[in-house]
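Spelled out, the chains give:
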Amino acid sequence: MIIPLLKGLAVTLKYFFSRPFAIQYPDEKIEMTDRWRGIHYFERREDGSTKCVACGLCEAVCPSNCIYLEAEVYENGRRFPRVYEIDGTRCIFCGFCEEICPVNAIRLGKNYEYVRHERADFIFDTTFLLDQKKLNP
Ligand code: SF4
Ligand code: SF4
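These figures come from a predicted structure and were not determined experimentally.

Focus on the overall build of the protein chain
Phase 1 of the analysis: Scanning the protein chain for helices and strands turns up four helices and five strands.
Phase 2 of the analysis: Along the protein chain, helices (α) and strands (β) appear in the sequence α-β-α-β-β-α-β-β-α when read from the amino end.
Phase 3 of the analysis: Relative to a compact globule of 137 residues, whose C-alpha radius of gyration would be 14 Å, the protein chain shows 22 Å and is clearly more extended.
Phase 4 of the analysis: Overall, the protein chain is about 85 × 30 × 30 Å in size when its C-alpha atoms are taken along their principal axes.
Phase 5 of the analysis: For the protein chain, buried positions account for 33% of its 137 residues.
Phase 6 of the analysis: At a minimum sequence separation of 6, the contacts of the protein chain that also span at least 24 residues come to 68%.
Phase 7 of the analysis: By element, 56% of the accessible surface of the protein chain is carried by carbon and sulfur atoms, the whole surface being about 9,900 Å².
Phase 8 of the analysis: Of the charged side chains in the protein chain, 19 are positive and 20 negative, and the gap between their average positions amounts to 7 Å.

Thoughts on the nonpolar core
Phase 1 of the analysis: Of all hydrophobic cores here, the largest spans 23 residues; its most connected members are Phe-42, Ile-67, Tyr-84, Ile-86, Ile-106, Phe-124 and Leu-129.
Phase 2 of the analysis: Taken together, the elements giving at least two residues each to this core come down to strand 2 (67-73), strand 3 (79-87), strand 4 (106-108) and helix 4 (126-131).
Phase 3 of the analysis: If one sorts the elements of this core by residue count, helix 4 sits on top with three residues.
Phase 4 of the analysis: Excluding anything up to four places from it in sequence, Tyr-84 contacts Phe-42, Cys-52, Cys-58, Ile-67, Tyr-68, Leu-69, Ile-106, Phe-124, Asp-125, Thr-126 and Leu-129.

Details of the pairing of strand 3
Phase 1 of the analysis: In the sheet, strand 2 pairs with strand 3 via seven bridges, with the strands oriented antiparallel. Paired with Glu-72 across the bridge in strand 3 is Phe-80.
Phase 2 of the analysis: Counting the residues between successive antiparallel strands, the hairpin from strand 2 to strand 3 contains five residues, one of them, Gly-77, with a positive phi of roughly 95 degrees.
Phase 3 of the analysis: Both strand 3 and strand 5 (residues 123-125) contribute to a ladder of three bridges, which runs antiparallel.

Remarks on the site of ligand 2
Phase 1 of the analysis: In the vicinity of ligand 2, the contacting residues are Cys-52, Val-53, Ala-54, Cys-55, Gly-56, Cys-58, Leu-69, Tyr-84, Cys-101, Pro-102, Val-103 and Ile-106.
Phase 2 of the analysis: Residues belonging to the shell around ligand 2 are distributed by class as follows: eleven nonpolar, one polar and no charged.

A closer look at helix 1 (residues 2-16)
Phase 1 of the analysis: For helix 1, built from 15 residues, the straight-helix expectation of 21 Å at 1.5 Å per residue is met to within 8% by its first-to-last C-alpha distance of 21 Å.
Phase 2 of the analysis: When you tally the buried positions in helix 1, you get zero out of 15 residues, a small fraction of the element.

Points about the sheet that holds strand 3
Phase 1 of the analysis: An order of 2-3-5 is seen for the three strands of this open sheet, with the pairing classed as antiparallel. The sheet is open, and its two edges are formed by strand 2 and strand 5, each paired on a single side. For this sheet the average axis-to-axis angle between neighbouring strands, irrespective of direction, equals 15 degrees.

Brief notes about the confidence of the model for the protein chain
Phase 1 of the analysis: Taken as a whole, the protein chain shows an average pLDDT of 94; of its residues, 100% reach a score of 70 or greater.
Phase 2 of the analysis: Mean pLDDT across the elements of the protein chain ranges from a minimum in helix 1, with 91, to a maximum in helix 3 (residues 96-100), with 98.

Cut-off values and rules
- Residues numbered from 1 in each chain as written.
- Chains lettered and ligands numbered in written order.
- Predicted model: local features only at pLDDT ≥ 70, side-chain atom pairs only at ≥ 80, totals over all residues.
- Heavy atoms only, no water.
- Helix = DSSP H or I, 4+ residues; strand = E, 2+ residues; numbered from the N terminus.
- Rg over C-alpha atoms; globule rule 2.2 N^0.38 Å.
- Buried < 20%, exposed > 50% of the residue type's maximum accessible area, 1.4 Å probe, protein only.
- Contact = heavy atoms within 4.5 Å.
- Areas by Shrake-Rupley, 256 points an atom, 1.4 Å probe, with all protein chains shown as cover.
- Lys, Arg positive; Asp, Glu negative; His and termini not counted.
- Charge placed at Lys NZ, Arg CZ, Asp CG, Glu CD.
- Core = buried A, V, L, I, M, F, W, Y, C linked by side-chain atoms within 4.5 Å.
- Pairing = 2+ DSSP bridges.
- Near = heavy atom within 4 Å.
- Nonpolar A, V, L, I, M, F, W, Y, C, P; charged D, E, K, R; others polar.
- Expected span 1.5 Å × (residues − 1).
- Axes fitted to C-alpha atoms, helices over the stretch in contact; angles between N-to-C directions.
- pLDDT = per-residue confidence, 0-100.

Put into structure tokens, the structure is as follows:
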């Protein structure tokens, strides 16, 4: 009976002097790995607009059917998304949209902090997606 007790104490002592696993969140943040798939963002062109050319591939491939897109064409013939929305309440962060995008416009970023009270705040529109770029330099 004393042996298991000593074994237990040894384990306790071992972890007592080792580095703690917990961090003081939110004062401390953990660095996410390169493979982490967090909140989406749009890559920008030099003029600050989205690189998206509204091809519709991400909308078609999305298994959750949570991307809504309305395409429009500039006078110079370039397509752009007049409306682009991702429903963050339905997204499963699979990354298919990022993988299929032919111009690398939509990306899944490192941001894992997004808490809101209103359902409407989970609609990631173009403005939101462009703004998220600053969290993913
Ligand atoms: S990451 Fe989300 S938005 Fe993109 S394809 Fe997957 S479910 Fe759809
Ligand atoms: S984000 Fe990429 S895949 Fe989706 S519509 Fe725009 S260009 Fe096409």
